[in-house]
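# Report on the structure
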Amino acid sequence: MANTEPYDTFRWVPVHEHGQDEDGYLLVLDQREIPHQVSYVRLVDYREVAEAIRDMVVRGAPAIGAVAAYGYVLGIKSGEPEDQVYHTLYASRPTAVNLQWSLDALRQLQTTNWRRLLWKANELVASERLMNNKIAAYGAEEILKRWKQRHHEGCKDETLRVLHHCNTGSLATAGGGTALGVIRKLAALHGKVHVHVNETRPRLQGARLTCWELRQWGIPYELSVDAAAPFLMAQGRIQFVTVGADRIAADGAVANKIGTLMIAIAAQHYGIPFYVCAPCSTIDLKTPTGAAMIIEERSATEVLNPSGKSSDQWLAPVDTPVYNPAFDITPPELITGGIVTELGILRVRDQAGAGIGLAEQLQQLEQRQKQISVE
């Protein structure tokens, strides 16, 4: 389960006694400190894990799911009631479906043997890394094929230009990333890739985290305020858009970081393919449409005082009312490229523009994968 990244987003640290793993704790990279420093938080209690998720020490739907799984291990290991551990962790971030998915995967084992639960959590992480690699391969192949077609039709720019919103790299997952993993693969295959990074207000995940990761990987990038994205498209400086997802409904509606909807609307207007990159665990077939999703609303201070300065340096009067949704919902008709998963690419609209449900497509992709494995 070796990690190929130059940093660990999270890691279970065993404490060896008498030749066995008698104890252990979770080490989590504090993403609130990036890009200024790389520091880790030591978590020994499931309530600390829930707080770390809620306070965005760790963020990104796949990473939240993996960390929550280890939090469940810590809770059961300490002898806490299963229901209490489950619901405490589940309530930490309500929009990200991966969190519930990973907790359910452990709970379905129906055991209080924490070593068995730890084995399962490790298995989920290993599977996540493999899924990231597959998402990267499918997404890069699709985008590169479309770029070559566009280039053949008269576009002479040798550089492939992608707009990315929020952060979907190693910091947000257990592996090489989802949408940023696709971009990394594109850079490896094509070489000339330039990433336009939205700063992603109010917590600036794009500015702080995505720019930091792209620099780590040596991929050229340029940072812009979120509201500049439509103008970049109007100028012809964007050829593709890639984003991640925290939850995807059965009809293809996508809950993702606030600002995604604005980008999707602009991309459709300018005819720019819009891709959502996420593992199948992010698809929630029990949620029929985006209207059924719970959207997390966060503290007003994230908007009024994002840098934690004293009240006399706040961006607005201290008592200013604030609406601060963490996510928005992009309707399926705006997912003009497709949803890139580890099984392949799902289309939410056919050539005539009619909606296509995801359940049947997922089933077909799963059957195809089984046939390939048998052959």
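From a predicted model like this one, the values you see are computed outputs, not experimental measurements.

The rules behind each value
Residues numbered from 1 in each chain as written. Predicted model: local features only at pLDDT ≥ 70, side-chain atom pairs only at ≥ 80, totals over all residues. Heavy atoms only, no water. Domains from an automatic or database assignment. Contact = heavy atoms within 4.5 Å. Buried area = accessible area lost by both parts, 1.4 Å probe. Salt bridge = Lys/Arg side-chain N within 4 Å of Asp/Glu carboxyl O. Polar contact = N/O pair within 3.5 Å; in protein donor to acceptor, adjacent residues only side chain to side chain. Helix = DSSP H or I, 4+ residues; strand = E, 2+ residues; numbered from the N terminus. Core = buried A, V, L, I, M, F, W, Y, C linked by side-chain atoms within 4.5 Å. Buried < 20%, exposed > 50% of the residue type's maximum accessible area, 1.4 Å probe, protein only. UniProt positions renumbered as here; feature names shortened; annotations may be inferred. Axes fitted to C-alpha atoms, helices over the stretch in contact; angles between N-to-C directions. Parallel < 35°, antiparallel > 145°, perpendicular 65-115°, else oblique. Left-handed = near helix turned anticlockwise from the far one by under 90°. Pairing = 2+ DSSP bridges. Right-handed = clockwise from strand over helix to strand, strands pointing away.

## Here's the deal with the domain arrangement of the protein
You can read the domains of the protein as domain 1 (10-125) and domain 2 (134-374). On the side of domain 2, 27 residues touch domain 1, which itself brings 23 residues to the contact. For the domain 1 and domain 2 pair, buried surface summed over both sides reaches about 2,100 Å², with 55% attributable to carbon and sulfur atoms. Taken as a group, R59, T95 and V97 account for 28% of the area that domain 1 buries against domain 2, more than any other trio of residues on that side. When the shortest N-O distance is used, the salt bridge between E296 and R93 registers 2.5 Å. The interface formed by domain 1 and domain 2 holds 14 residue pairs in polar contact (both at pLDDT 80 or more) in total. Elements with a contribution of two residues or more to the side of domain 1 that touches domain 2: α2 (61-77) and α4 (97-107).

## A look at the nonpolar core
Among the nonpolar cores identified, the biggest contains 37 residues, and F10, L26, V49, I53, Y70, Y72 and V73 are the most heavily contacted of them. Listing elements by their share of this core, those giving two or more residues are β1 (10-17), β2 (20-29), α1 (46-54), α2, α3 (82-90), α4 and α5 (114-152). For this core, the element with the highest residue contribution is α2, accounting for eleven residues. By size, the runner-up hydrophobic cluster in this structure holds 31 residues, among which are L171, V193, L209 and F240.

## Considering the UniProt feature "site: Transition state stabilizer" (unreviewed entry) in the protein
UniProt records the feature "site: Transition state stabilizer" (unreviewed entry) at C166, using the numbering of this structure. Structurally, C166 can be placed in the loop between β4 (160-164) and α6 (179-190).

## Points about the packing of α1 against α3
Taken N-terminus to C-terminus, the directions of α1 and α3 make an angle of 15 degrees; their axes are 9 Å apart at the nearest point. Classed by the angle they form, the pair α1 and α3 counts as roughly parallel. Seen from above, α1 lies across α3 with right-handed handedness. Facing α1, whose interface residues are Y46, R47, V49 and A50, α3 presents Q84, V85, T88 and L89.

## Here's the deal with the environment of I219
By the secondary structure assignment, I219 is in the loop between α7 (205-217) and β6 (221-224). Taking the C-alpha atoms as reference points, I219 and A188, 31 residues apart in sequence, are found 9.6 Å from one another. With sequence-adjacent residues up to four places away left out, I219 is seen in contact with I183, R184, A187, V193, V195 and L214.

## Quick word on the pairing of strand β5 (residues 193-198)
Summarising burial for β5: six of the six residues are buried, a large majority. Bridging between β4 and β5 involves five bridges; their strand directions are parallel. Looking at the pairing, L160 lines up with V193 of β5. Running through α6, the crossover from β4 to the neighbouring parallel element β5 is right-handed. Here β5 pairs with β6 via four bridges, running parallel. Across the sheet, residue N198 finds its bridge partner in β6, namely S224. Taking the sense of rotation as the criterion, the β-α-β connection linking β5, α7 and β6 turns out right-handed.

## What about the sheet that holds strand β11 (residues 283-284)?
The strands making up a sheet are joined through hydrogen bonds of the backbone, oriented either antiparallel or parallel. One open sheet holds the four strands; their spatial order is β11-β8-β9-β12, and the pairing between them is mixed. Both edges of this open sheet fall to β11 and β12 (327-330), since each of them pairs with a single strand only. In terms of strand pairing, strand β8 (residues 247-249) meets strand β9 (residues 254-257) through two bridges, oriented antiparallel. Bridge pairing links R247 to A255 in β9. Those strands touched by helix α9 (residues 260-269) are β9 and β12, and its axis lies near 30 degrees from that of β12.

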